[in-house]
Amino acid sequence: MNASEVPPPAGEGGDLPAVAPQLRELRRRAGLTLEAAARSAGLSPAHLSRLETGGRQPSLPMLLALARTYGTTVSELLGERVADRDAIVRAADMEPTRAGGWTYYQAGASGRGMQALRVRVPHGAQDDIVRVHPGEEWLHVLKGRLRLRLGDTTHLLAPGDSAHFDSLTPHRLAAEDQDGVELLFVHTLLQSPTAALCLGPSTGELP
């Protein structure tokens, strides 16, 4: 993985809370050096350092990469507090968060082995980014069409279609239609930060 930073779209910068102190705290809690955490998340140490000092705001794919590395959720990275292990998440309680053009709604509680999100990917957003990381992913298309590349094969998914795959398979997501695509997205979190360190040279950014 070789994650790159994507600035927030104009007018949306205020939608992403300051995450710098939380990123640093979660890394230290995981017992990872800056270099080890950056390597497992597909970032350079310099990029991660800038994120931790507030010099850059992360994109949603970058937040997902760091959440996997630290075995937590995007909500915790953002300092949000969802009722711990609450089995029900009401639609009225799902507040949108925007980063790097993506919009997501937290669809599950913290403290679990998986993270569930409702995600909107706009057309043209990061369609050239390949992702490789430990774990599994499941997604279900709600609206629009998704172009999903798994290894050397490209699939076009329509509303109602799903995909479930090993995340070590190089994969890429892109909205096929100008109106974007809406997904239900579930991925496993790394329960031990050291599990991510077995990855070799990185080739792309996480979703």
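Keep in mind that this is a model prediction, so the values were computed, not measured.

(A) Representation of the environment of threonine 97. Residue placement: threonine 97 occurs in strand β1 (residues 97-99). According to the relative accessible area criterion, threonine 97 is buried, its value standing at 4%. Between the C-alpha atom of threonine 97 and that of leucine 78, which follows or precedes it by 19 residues, the distance is 9.6 Å.

(B) Highlighting the packing of aromatic side chains. Applying the stated criterion to the full structure yields 0 aromatic pairs. One cation-aromatic arrangement involves arginine 118 over tyrosine 105; the distance from NZ or CZ to the ring centre is 4.2 Å.

(C) Seen up close, the pattern of salt bridges. Enumeration over the complete set of coordinates arrives at 3 salt bridges. Measuring nitrogen to oxygen at the nearest pair gives 2.8 Å for the salt bridge that ties arginine 145 to aspartate 177. Residue arginine 145 is located in the loop between β4 (136-143) and β5 (146-150), and its partner aspartate 177 is located in the loop between β8 (171-175) and β9 (181-188); the two are separated by 32 residues in the primary sequence. On the accessibility criterion, arginine 145 (33% relative accessible area) is partly exposed. What makes aspartate 177 partly exposed here is its relative accessible area of 22%. One salt bridge in this structure joins glutamate 176 and arginine 147, with 2.7 Å as the shortest N-O distance. In this pair, glutamate 176 is assigned in the loop between β8 and β9 and arginine 147 in strand β5, connecting sequence segments 29 residues apart. According to the relative accessible area criterion, arginine 147 is partly exposed, its value standing at 31%.

Rules used throughout
Residues numbered from 1 in each chain as written. Predicted model: local features only at pLDDT ≥ 70, side-chain atom pairs only at ≥ 80, totals over all residues. Heavy atoms only, no water. Helix = DSSP H or I, 4+ residues; strand = E, 2+ residues; numbered from the N terminus. Buried < 20%, exposed > 50% of the residue type's maximum accessible area, 1.4 Å probe, protein only. Phe/Tyr/Trp six-rings, centres within 6.5 Å; stacked < 30°, edge-to-face > 60°. Lys NZ or Arg CZ within 6 Å of the ring centre and 35° of its normal. Salt bridge = Lys/Arg side-chain N within 4 Å of Asp/Glu carboxyl O.

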